[in-house]
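# Structural description and commentary
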Amino acid sequence: MTLNNNSGLRYDVIVVGGGAAGMMAAAIASDTGQKVILIEKNDRLGKKLMITGKGRCNLTNNCSVDEFMDNVVVNKKFLYGAVNRFSPTDTMEFFEKLGVRLKTERGRRVFPCSDRSLDIVNALSDFVKKSGCKTIKAKAKKILVDEKKVIGVMLSNQETIFGKKVILACGGVSYPQTGSDGDGLKMAKMLGHKITKLKPSLVPLVSENSDCKSLQGLSLKNIRIDVIDKSKNKVIYTDFGEMLFTHFGLSGPVILSASTHIDNIEKGYKVNIDIKPALTHEKLDKRLQREFLQNINKSFSNSLSSLLPKKLIPVVIKRSKIDAHCKCNSITKEQRHNLCEILKNFSFDVSGFRPIEEAIITSGGVSVKEINPKTMQSKLIDGLYFAGEMIDVDAYTGGYNLQIAFSTGYLAAIS
C-alpha cells in the first residue's frame, strides 16, 4: 500500500482499520457500488487476523444464531440484528465462495482446511481489492464533523480525506503490536462517545501456586473446571474442554472463557479442575483400587502412569501427602479417598489476569447505548458507524468474536 496525496478527494465511505471488521465493511460497501477508501496504518491488512487461532484462524462457529447468542457474554441483545443479518452460516458460505475450503472441529470451531490464517487474510484482502475499494497506508488522527455530521477524516500528516460516511473499525487495545492501540476509541471519545471500562477478556489467569511452574507446558484435555467466587463460596462458571499450565498460571480455551466471568479479581477466586469428570467419586475409587491391585508390590509413584500424565504425577503425589515410595498394598482407604478428592478438585487460587496486551480481545469500548443496533450508526454523530472490537460486546472463545467482527462490519457497510 502506498500513500498518495488524497487531500480534497471525496468518497462515499471511509473505513478506518484494516482488520476483520474493516476489510469486511470496506469490501461489502464497495461491492454495492459505493466509492470507498480503506485506511490502514500497518504495512498490510489483517495483521491481527494472522495470529488468531494460533495462526490457524478460528473464523466462526458452526452454530445457529440462537446458539451463537448463548455464547455472547456482554450486550447480546445489541447483536441480534447484526448476527441475524450476517450469520455464521453466511460467513462460511462467504469464504467458501472466495475459494477457501473450511472444516469444523471440536466445539464447532471453524478453520480453513489448510490450517493457515494467511488464506483467510488473503481471501479478504483480495476481495477488498477486487471490489474496487482504494486502500492506503496511513494513520487516521481525527474524524471531521460539521454540525454533528461526518465530513471526513484527518490523517496524522494533516492531509484530509472527505467522505459522507465513516466506519470506525480500529479494534481494541489487546495485542497493540498488531495496531490495536486504542486510537479508534480515542477518536470516538473526542466526538462525545462514552467508552466503557476497558479490561482484558479471553485472557490467561495468574496463579501464585508453585505447582503451575512444575506443570508448565502440560495440556489437560477433557477436563472440567469450576470457577469459584471465594467471597461467596459460589460457583460462577463451569466448562468442559482443554486447559494449559504456564509459568505464570493457567491458560487454554476453558480458562480463557472463564476469565470473562471474573469481575473483580481482588474478591478472590479459585479454579477447581476435575481431572476425571467422566468418573464419579465412587467409580474413580474403584479405578484406583484396580490400579493398586495390579501394581500391588510397586511403589505408589509407579502406579499412576496409566491414570495420569507423567508430568502431573509428582504434583498429585505431593498434594496427596502419601509417601512416593510407599507400596500400593499399604495405602489406606482414607488415603485413597483423599486421592480421589484431589483428582476431582485439583484446585488453584488465582490472583490476577495477564496484561490486557495479552488478551485475545478487549472487553469494553464504545457504549452500545449510543449505537443503533439495526445499522451500527452512532446515535450522536450522523454518518459515523462502528464495527468489530471497538464496540462494547464480547463473547467466549470459539470463533464467536471474529463472527461479531464480520457481522457488525457487514451491517455497517450495507447501512
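Residues numbered from 1 in each chain as written. Predicted model: local features only at pLDDT ≥ 70, side-chain atom pairs only at ≥ 80, totals over all residues. Heavy atoms only, no water.

Attention now moves to the overall build of the chain. From N to C terminus, the chain includes 12 helices and 21 strands. Seen through its C-alpha atoms, the chain measures out along the principal axes to roughly 85 × 45 × 35 Å. Here the chain holds 415 residues, and 55% of them are scored as buried. Relative to all contacts within the chain whose residues are 6 or more apart in sequence, the contacts with residues 24 or more apart total 73%. If you sum the accessible surface of the chain, you get close to 18,500 Å²; carbon and sulfur atoms cover 48% of it. (Helix = DSSP H or I, 4+ residues; strand = E, 2+ residues; numbered from the N terminus. Buried < 20%, exposed > 50% of the residue type's maximum accessible area, 1.4 Å probe, protein only. Contact = heavy atoms within 4.5 Å. Areas by Shrake-Rupley, 256 points an atom, 1.4 Å probe, with all protein chains shown as cover.)

Their axes nearest at 8 Å, the elements helix α3 (residues 76-85) and helix α12 (residues 400-414) cross at an angle of 80°. The angle between α3 and α12 places the two elements in the roughly perpendicular class. Side by side, α3 and α12 meet where Leu-79, Gly-81, Ala-82, Val-83 and Arg-85 of the first sit next to Ile-404, Ser-407, Thr-408, Tyr-410, Leu-411 and Ile-414 of the second. Its residues assigned to classes, the contact of α3 with α12 shows 7 nonpolar, 3 polar and 1 charged. (Axes fitted to C-alpha atoms, helices over the stretch in contact; angles between N-to-C directions. Parallel < 35°, antiparallel > 145°, perpendicular 65-115°, else oblique. Nonpolar A, V, L, I, M, F, W, Y, C, P; charged D, E, K, R; others polar.)

Before going further, it helps to examine unusual backbone geometry. Its identity is not glycine, yet Cys-57 carries a phi of approximately 65°, on the positive side. Here Cys-57 falls in the buried class, since its relative accessible area comes to 0%. Positive phi, close to 75°, is recorded for Gln-158, a residue that is not glycine. Take Gln-158: it is sitting in the loop between β9 (150-155) and β10 (160-168).

Spatially, the 3 strands line up as an open sheet ordered β3-β6-β5, and their pairing is antiparallel. The open sheet has two edge strands, β3 (60-61) and β5 (102-104), and neither has a second partner. As defined by bridge partners, β3 adjoins strand β6 (residues 109-112) across 2 bridges and the pair is classed as antiparallel. Bridge pairing in β6 places Asn-61 opposite Arg-109. (Pairing = 2+ DSSP bridges.)

Considered for burial, the residues of helix α4 (residues 88-97) that qualify are Pro-88, Thr-91, Met-92, Phe-94 and Phe-95. Seen end-on, α4 carries its buried residues on one side only, within an arc spanning 160°. Looking one or two places after α4, you find Gly-99, whose phi comes out positive at around 95°. (Arc of directions from axis to C-beta.)

Inspection of the secondary structure assignment puts Ser-303 in the loop between α9 (281-294) and α10 (313-320). By relative accessible area, which is 1% here, Ser-303 ends up buried. A distance of 2.7 Å separates a polar atom in the side chain of Ser-303 from the backbone oxygen of Phe-300. Discounting residues that sit within four places of it in the chain, Ser-303 has contacts with Glu-291, Phe-292, Asn-295 and Cys-328. (Polar contact = N/O pair within 3.5 Å; in protein donor to acceptor, adjacent residues only side chain to side chain.)

Take the environment of Cys-212 next. With respect to the helices, strands and loops of the structure, Cys-212 is situated in helix α7 (residues 211-214). Along the chain, Cys-212 and Phe-248 lie 36 residues apart, while their C-alpha atoms are 6.9 Å from each other. Contacts of Cys-212, omitting those with residues within four sequence positions, involve Ser-207, Phe-245, Thr-246, Gly-249, Leu-250 and Phe-348.

Let us now look at the sheet that holds strand β12 (residues 205-206). Remark on secondary structure: sheet strands pair via backbone hydrogen bonds, oriented parallel or antiparallel. The strand order across the open sheet formed by 7 strands is β17-β16-β13-β14-β15-β12-β18, and the pairing between neighbours is antiparallel. With one partner strand each, in any of the chains shown, β17 (346-350) and β18 (352-353) form the two edges of the open sheet. Taken together, the 5 bridges between strand β16 (residues 269-274) and β17 define a ladder with antiparallel strand orientation. If you follow Tyr-269 over to β17, its bridge partner there is Val-350.

Turning to the pairing of β10, a few remarks are in order. Two elements, strand β1 (residues 10-16) and β10, share 6 bridges in a ladder whose sense is parallel. Each bridged residue has a counterpart across the sheet, and for Val-15 the counterpart in β10 is Ile-167. When β9 meets β10, the two strands line up antiparallel, connected through 3 bridges. Directly across from Gly-152, in β10, lies its bridge partner Phe-162. Hairpin remark: β9 followed by β10, antiparallel, with 4 residues in the connecting loop; positive phi at Gln-158, about 75°.

Turning to the nonpolar core, a few remarks are in order. With 129 residues, the main nonpolar core has Val-16, Phe-95, Leu-168, Phe-245, Ile-273 and Phe-346 as its most contacted residues. What Phe-95 contacts, discounting residues up to four positions off in sequence, is Leu-59, Val-100, Leu-102, Ile-120, Ala-123, Leu-124 and Phe-406. (Core = buried A, V, L, I, M, F, W, Y, C linked by side-chain atoms within 4.5 Å.)

What follows concerns the packing of aromatic side chains. Scanning the entire structure with this criterion turns up 10 aromatic pairs. Where Phe-292 meets Phe-300, the ring centres are 6.1 Å apart and the plane angle is 70°; that geometry is what we call edge-to-face. Classification of Phe-292 as buried rests on a relative accessible area of 6%. With a relative accessible area of 0%, Phe-300 lands in the buried category. A network of ring pairs unites the aromatic residues Phe-86, Phe-94, Phe-95, Phe-127, Phe-406 and Tyr-410 as a single cluster. One residue, Lys-35, lies across the ring of Tyr-11, its end atom 5.1 Å from the ring centre. Here the guanidinium or amino end of Arg-319 rests over the ring plane of Phe-346, the centre of that ring lying 4.2 Å away. (Phe/Tyr/Trp six-rings, centres within 6.5 Å; stacked < 30°, edge-to-face > 60°. Lys NZ or Arg CZ within 6 Å of the ring centre and 35° of its normal.)

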